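Structural overview for review
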Amino acid sequence: MTSSAEQQGTDAPVRAADERGGRPAEAGGSRDDGARDDGSRGIGARGIGAWTAGGMPRWLPRAMLLALLFVGLFQLASWAFLQLTDLFVMLLVAFFLSLALEPAVDRLAARGVRRGVGTFLVFLAVGIAVVGFVAALGTLLVDQVAKIAKDLPHLVDNVILWVNRTFHQDLSLGQLQQKVLKDSGAIEGYAQQAADNVWGLSSTVIGGLFQTFTVGLFTFYFTAEGPRVRRTVCSLLPPAKQGEVLRAWEIALAKTGGYLYSRAVLALVSAAGHWVMFALIDLPYAVALAVWVGVMSQFVPTIGTYLAGALPVLVALTVQPVDGLWVLAFTVVYQQVENYVLHPRITARTMDVHAAVAFGAVIAGAALLGAVGALIAIPVAATLQGFVGTYVRRYEVAVDPRIDRGEQRRARRVLRREATRRLRRMVGGDGD
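Every value quoted in this text rests on a predicted model; they were computed, and no experiment measured them.

Right, let's talk about the overall build of the protein for a bit. Per the secondary structure count, the protein includes 17 helices and zero strands. Of the contacts formed within the protein by residues at least 6 apart in sequence, a portion of 62% connects residues at least 24 apart. Approximately 31100 Å² of the protein is accessible, and the part contributed by carbon and sulfur atoms is 66%.

Listed below in structure tokens is the structure:
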């Protein structure tokens, strides 16, 4: 009886352990193994049991909800940024235009003119200049189109004679007219397509006018309220950072204003020089063409010089081919004089940007913002160069042949030339 009772007593913990899904503790140190097993596998066993039982950690639903919320907010921010890209570009253009116009407004304000009135006067002067430029070019364009339309039959006859003489053909004006009438269906199709695109063109023009008005409005506000805008921006920063922001603002103001005024002076000099040349060869519309050359060569980066010289050359070729050669030669010579004499002297005190830096800035600006980026690329590059010169510390570099390759040979050559000249002077003096 005793043995059977003891056996039942020892089997009870085993059955209880089996019912709980665990292992019975064995005698002779098996308790330590069980404790070690509970310590190493207790949490994992409970987690596995929870997953197998269809449960979920309490933190997982909250984490999934936060992840979905962040993804939704990111998508919303991306959509809003894409929708407001045009507005951001217009604000950027207006900001740089205000930096270019603010020095003139500051001069008027220093003489007692209110900033609003001074900004209006500056805007009026710029508007009159732009309208005059567009009117002059419009008159030139209309007159040239009318002249080409009047001389078109004569030009067609000359072209037919040249083709027949050069390529040994037997073309006539009647054959060309018959060919045009034969393809009249295609011409009507092109005309119908152009008529269908009239609405798109008109909407584009209206959108461009609206963007111009928006840029002008923001430019007027940034210029007239320049001190208030700077005070508002500085009020959002701690006092230690306000001085740095104002210094950066002054650098951008000086560089952008210097760019505008240096380009305006160069454009004025270029227009005057080309006007004298066009008047000497009696080129029609000499004033309009000279203004075109001055503005396009200075304010359109990279390709402005070529666009500026192409129009006067074409107009001169319609008058007399020799005049076209004279205009081309003068444009090339003047461009060299401007690059090596006028441009360094005028921009030395306002904005000095290396030609390679300016070219790279124009390419980067065009890649980022298109034509707008190309126009504001050089002022931005000048501003960044001003930041680098102000905040980046530079150290003196010792003379090293690994840096200045060829400089030592050039210096020795100059010294030998000076010694030879002195020796010749001494010999010549003794001979006398």
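This part takes up the side chain of glutamine 298. Position of glutamine 298 among the secondary structure elements: in helix α12 (residues 286-299). Look at glutamine 298 and you get buried, because its relative accessible area is 3%. Reaching out from glutamine 298, the side chain makes a polar contact with the side chain of serine 297 at a distance of 3.4 Å. Those residues within four positions of glutamine 298 in sequence are excluded, and the remaining contacts are Tyr259, Arg263, Leu266, Ala267 and Glu338.

The terminal C-alpha atoms of helix α13 (residues 304-319) lie 24 Å apart, and with 16 residues this matches the ideal 22 Å at 1.5 Å per residue to within 8%. Every buried residue of α13 is listed here: Gly304, Ala308, Gly309, Pro312, Val313, Val315 and Ala316. Within α13, the buried residues cover an arc of 160° as seen down the axis, which keeps them to one side. Opposite its buried face, α13 presents the exposed residues Tyr306 and Leu314, each directed more than 90 degrees away.

The next subject is α12. If you check α12, its first and last C-alpha atoms are 20 Å apart, about what 14 residues at 1.5 Å a residue would give, namely 20 Å. Most of α12 sits inside the fold, with ten of its 14 residues counted as buried.

All right, on to the nonpolar core then. Looking at soluble globular proteins, one finds that nonpolar side chains tend to be buried together. Ranked by internal contacts, the top residues of the largest apolar core, which has 18 residues, are Phe278, Ile281, Leu283, Leu289, Trp292, Val293 and Val327. With six residues, the top contributor of residues to this core is α12. For tryptophan 292, the residues in contact, after removing those within four places along its chain, are Phe133, Leu137, Leu307, Ala308, Leu311 and Pro312. If you look at the next biggest cluster of nonpolar residues, it comprises 13 residues, including Val89, Ala94, Leu99 and Ala252.

Let us look at the environment of threonine 331. Note that threonine 331 resides in helix α14 (residues 321-347). With a relative accessible area of 14%, threonine 331 lands in the buried category. A C-alpha to C-alpha distance of 9.7 Å links threonine 331 and alanine 310, two positions 21 residues apart in sequence. With sequence-adjacent residues up to four places away left out, threonine 331 is seen in contact with His274 and Gly309.

Helix-helix packing is characterised by the crossing angle of the two axes and by the distance between the axes. Running from N to C, helix α10 (residues 226-235) and helix α11 (residues 239-280) cross one another at 145°; their axes reach a closest spacing of 9 Å. Of the two possible hands of crossing, α10 and α11 adopt the one that is right-handed. Here Val229, Arg230, Val233 and Cys234 of α10 lie close against α11, whose contacting residues are Gln242, Val245, Leu246 and Trp249. Split into classes, the residues belonging to the contact of α10 with α11 amount to six nonpolar, one polar and one charged.

A word on the packing of helix α4 (residues 85-110) against α11. Where α4 meets α11, the closest approach of the two axes is 8 Å, and the angle between their N-to-C directions is 85°. The orientation of α4 with respect to α11, classified from their angle, is roughly perpendicular. Together, Phe95, Phe96, Leu99, Ala100, Leu101, Glu102, Pro103, Ala104 and Arg107 of α4 and Trp249, Ala252, Leu253, Thr256, Gly257, Leu260 and Tyr261 of α11 make up the contact between the two elements.

On to the packing of aromatic side chains, then. All chains considered together, the criterion is met by seven aromatic pairs. Seen from their ring centres, tyrosine 221 and phenylalanine 222 are 5.8 Å apart, and the 50° between their planes marks the pair as tilted. Judged by its relative accessible area of 42%, tyrosine 221 falls in the partly exposed class. Of the aromatic side chains, those joined through ring pairs into one cluster are Phe95, Phe96 and Trp249.

Together, Leu66, Leu69, Phe70, Leu73, Leu76 and Trp79 make up a nonpolar patch on the protein surface, roughly 640 Å² of accessible area in all. Residue placement: leucine 73 occurs in helix α3 (residues 59-83). Residue leucine 73 is classed as partly exposed on the basis of its relative accessible area of 47%.

Time to look at the pattern of salt bridges. Under the definition given, this model contains five salt bridges. Between glutamate 102 and arginine 115 there is a salt bridge, with its nearest N and O atoms 3.7 Å apart. Taken together, the residues glutamate 102 in helix α4 and arginine 115 in helix α5 (residues 115-150) connect sequence positions 13 residues apart. Taken individually, glutamate 102 and arginine 115 each receive the classification buried, so the pair is uniform in this respect. Glutamate 102 is paired through a salt bridge with arginine 230; the nearest N and O atoms lie 2.9 Å apart.

Residues other than glycine seldom take positive phi values, yet aspartate 282 does so here, at roughly 60°. The residue aspartate 282 is located in the loop between α11 and α12 in this model. The phi torsion at tyrosine 285 lies on the positive side, around 55°, for a residue other than glycine. Positionally, tyrosine 285 belongs in the loop between α11 and α12.

What follows is about the confidence of the model for the protein. Low-confidence regions, as indicated by low pLDDT, have predicted coordinates that should not be scrutinised in detail. Averaged over every residue, the pLDDT of the protein is 75; residues scoring 70 or more account for 73%. Here helix α2 (residues 30-52) is the element of the protein with the lowest mean pLDDT, 47, and α3 is the one with the highest, 91. Contacts from residues 1-10, a stretch scored under 50 in pLDDT, to residues over four places away or in other chains number one contact. In this model, residues 12-45 is a region of pLDDT below 50 whose contacts with residues beyond four sequence positions or in other chains number nine contacts.

Attention now moves to the environment of tyrosine 285. Owing to a relative accessible area of 32%, tyrosine 285 belongs among the partly exposed residues under this scheme. Separated by 148 residues in sequence, tyrosine 285 and leucine 137 have C-alpha atoms that sit 9.4 Å apart.

Rules used throughout
- Residues numbered from 1 in each chain as written.
- Predicted model: local features only at pLDDT ≥ 70, side-chain atom pairs only at ≥ 80, totals over all residues.
- Heavy atoms only, no water.
- Helix = DSSP H or I, 4+ residues; strand = E, 2+ residues; numbered from the N terminus.
- Contact = heavy atoms within 4.5 Å.
- Areas by Shrake-Rupley, 256 points an atom, 1.4 Å probe, with all protein chains shown as cover.
- Buried < 20%, exposed > 50% of the residue type's maximum accessible area, 1.4 Å probe, protein only.
- Polar contact = N/O pair within 3.5 Å; in protein donor to acceptor, adjacent residues only side chain to side chain.
- Expected span 1.5 Å × (residues − 1).
- Arc of directions from axis to C-beta.
- Core = buried A, V, L, I, M, F, W, Y, C linked by side-chain atoms within 4.5 Å.
- Axes fitted to C-alpha atoms, helices over the stretch in contact; angles between N-to-C directions.
- Left-handed = near helix turned anticlockwise from the far one by under 90°.
- Nonpolar A, V, L, I, M, F, W, Y, C, P; charged D, E, K, R; others polar.
- Parallel < 35°, antiparallel > 145°, perpendicular 65-115°, else oblique.
- Phe/Tyr/Trp six-rings, centres within 6.5 Å; stacked < 30°, edge-to-face > 60°.
- Patch = residues over 30% accessible without salt bridge, like charges linked within 9 Å, V, L, I, M, F, W, Y side chains within 5 Å.
- Salt bridge = Lys/Arg side-chain N within 4 Å of Asp/Glu carboxyl O.
- pLDDT = per-residue confidence, 0-100.

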